[in-house]
Amino acid sequence: MSTSPTAETTTTSEPAATSGPTTADSTLVRAARRQPVPRAPVWFMRQAGRSLPEYRAIREHVPMLESCRTPDLVTEITLQPVRRHGVDAAIFFSDIVVPLQAAGVDLDIVPGTGPVVAEPVRTRADLDRLPELTPEHVPDITRSVQQIVAELGATPLIGFAGAPFTLASYLVEGGPSKNHERTKAMMHGDPALWHDLCARLAQISRTFLRVQIEAGASAVQLFDSWVGHLNRSDYLRHVEPHSRSVLEGVADLGVPRIHFGVGTGELLLQMAQAGADVIGVDYRVSLTDAVERTGGRYAVQGNLDPALLFAPWPALEARVREIVAEGRQAPGHIFNLGHGVLPTTDPEVLTRVVQLVHEASALEA
Ligand code: 1CP
């Protein structure tokens, strides 16, 4: 397993009878901190969701945003994949647009489409109507996180938020977008407005992450899902300072920070340097290349192609073993997919992958 020369071995000072293992001892938190682990931690982006029949049942009559704001539903849905698959972390059930809605933006999550914004943000006057987020807007998020961590015990909960670029894309385009044309038009056509919009979104994401960490989340992931549509120079000039302000804005709380985007092979070093402890890697770049591109200084997370979960088991098994082997060369490795679980995935295959990752990555006796 990972044996970083700088890694320290921690010992519990309290007697085991009174203090059992905590999330700080979990393989997820240890791998993120580049400390040695007995086996690689594994979780899946979108592990809670439509691939699970128990999720489809609970969501049948409840709209997405309502389910995200109802603590008992959030708790149940967050725990479902942990119970079923035996993953090493829960991811908070919510959405990147929840803090925008909580702050007062009129939006909905439309089944089969995704987030749709009633009045897109395209002018200075539109931005002036975009409020800041305060913890008082989201008491339900605090309650949900507190309930979940009480249930999880020593299993860590990962909190998350959308990064400014990806959030801006939904707000400016008004919904999901293939080419992000209006977003890029604002970035290049009115850089002052763009920067002010991203600064406001950074405030919202920072607050949303702080609320989750203060309520008990043991790690956080910043999703910049669509930032791979930018080249490096535009990323550094127009986006990185804002993502940095989110990641550095939670540094004092001391939990590991994971930074992830899709198609970001050309941006991995810059995204890691923006204030991450762990760099998320999609399936287009090998973990070996990701380690090299980030100078061997960051833990890596990834990177099984979600489509391979539909391949015959021997092909899938071979690929999982390759990724585990590449991960051993990294200063820390969290096994995950290269992007979210596809809705038609057979959940039994996911459970089998968890078992295989644990077996293949276990320290030899
Ligand atoms: O009908 C349904 O069940 C709603 C589908 C759904 C779900 C389950 C949406 C709508 N959001 C979610 C939950 C969600 N969203 C989670 C929860 C937990 C988990 O991972 O298990 C998370 C982390 C997100 C984050 C999210 N929302 C991202 C970043 C992650 C990624 O996939 O890149 C993005 C881009 C969104 C926007 C969004 N919300 C929903 C959809 C379908 C989309 C994507 C729309 C698009 O293609 O632009």
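Scoring rules and cut-offs
- Positions within a chain are numbered from 1, following the residues in the order the chain's sequence is written.
- Confidence filtering applies because this is a predicted model: local features only for residues at pLDDT of at least 70, side-chain atom pairs given and counted only at 80 or more, and all residues used for totals across whole chains, interfaces and linings.
- Hydrogen atoms and water are omitted, and side-chain values are computed over all heavy atoms in the structure.
- Note on exposure labels: buried denotes an accessible area under 20% of the residue type's maximum, exposed denotes more than 50%, and partly exposed covers the range between, all computed with a 1.4 Å probe on protein chains only.
- The helix and strand labels rest on DSSP assignments: H or I over at least four residues marks a helix, E over at least two residues marks a strand, and numbering proceeds from the N terminus.
- Whether two strands pair comes down to DSSP finding at least two bridges between them.
- Throughout this document, a residue counts as near a molecule or strand when at least one of its heavy atoms sits within 4 Å of that molecule or strand.
- N or O atoms within 3.5 Å of each other form a polar contact, as long as, within protein, one can give a hydrogen and the other can take it, and as long as residues adjacent in sequence are counted only when both atoms are side-chain atoms.
- What sets the accessible areas is the Shrake-Rupley method with a 1.4 Å probe; for residues, cover comes only from the shown protein chains.
- Charged means Asp, Glu, Lys or Arg here, nonpolar means Ala, Val, Leu, Ile, Met, Phe, Trp, Tyr, Cys or Pro, and polar covers whatever is left, Gly included.
- Pairing of aromatic rings covers Phe, Tyr and Trp, the last counted by its six-membered ring, and requires centre-to-centre distances within 6.5 Å; plane angles under 30 degrees mean stacked, over 60 mean edge-to-face, and any other angle means tilted.
- Only when the NZ of Lys or the CZ of Arg is both within 6 Å of the ring centre and within 35 degrees of the ring normal is a charge said to sit over the ring.
- By definition, a salt bridge exists where a carboxyl oxygen of Asp or Glu is found within 4 Å of a side-chain nitrogen of Lys or Arg.
- Here the expected span of a helix is defined as 1.5 Å times the quantity of residues minus one.

Within strand 5 (residues 219-223), five of the five residues are buried, which leaves the element mostly enclosed by the surrounding structure. Taking every second residue as pointing to the same face, both faces of strand 5 are buried, with Ala 219, Gln 221 and Phe 223 on one and Val 220 and Leu 222 on the other. Where strand 4 (residues 157-162) meets strand 5, five bridges bridge the pair, whose relative direction is parallel. Residue pairing across strands places Ala 161 opposite Leu 222, the latter belonging to strand 5.

Right, let's talk about the site of the ligand for a bit. Taken together, 25 residues are adjacent to the ligand, and Arg 46, Asp 95, Tyr 170, Ser 225 and His 339 come closest. In this structure, Gln 47 approaches the ligand through a main-chain N or O atom, which is 3.1 Å from an oxygen atom. Contact distances for the ligand include 2.7 Å between an oxygen atom and a side-chain N or O atom of His 339. Protein chains shield 88% of the accessible area of the ligand, which is 890 Å² for the free molecule. Elements represented by at least two residues in the shell around the ligand include exactly helix 2 (53-59) and strand 3 (114-117). Residues that form the shell around the ligand fall into these classes: 15 nonpolar, six polar and four charged.

Enumeration over the complete set of coordinates arrives at four aromatic pairs. Ring plane angle 85 degrees and centroid distance 6.2 Å describe the contact between Phe 223 and Phe 260, whose orientation is recorded as edge-to-face. Taken as a pair, Phe 223 in strand 5 and Phe 260 in strand 6 (residues 257-260) lie far apart in primary sequence, 37 residues in all. Judged by relative accessible area, which is 13%, Phe 223 ranks as buried. An aromatic cluster of three or more residues is present, and its members are Phe 160, Phe 223 and Phe 260. Residue placement shows Arg 352 over the ring face of Trp 313; its charged tip is 3.9 Å from the ring centre.

Another aspect to go through is the pattern of salt bridges. Applying the stated criterion across every chain yields a total of 16 salt bridges. Close ionic contact of Glu 54 with Arg 84 constitutes a salt bridge, the shortest N to O distance being 2.8 Å. Of this pair, Glu 54 sits in helix 2 while Arg 84 sits in helix 4 (residues 71-85), and the two are 30 residues apart along the sequence. Taking the shortest distance from any N to any O, the salt bridge between Asp 282 and Arg 284 comes out at 2.4 Å. Exposure remark for Asp 282: the relative accessible area of 3% places this residue in the buried category. Three or more residues are tied together by salt bridges with common partners; here these are Arg 210, Glu 214 and Asp 252.

Right, let's talk about helix 10 (residues 191-214) for a bit. Its 24 residues place the ends of helix 10 34 Å apart at the C-alpha level, agreeing with the 34 Å of an ideal helix rising 1.5 Å per residue. Directly beyond the C-terminal end of helix 10, a positive phi value near 130 degrees is found at Gly 216.

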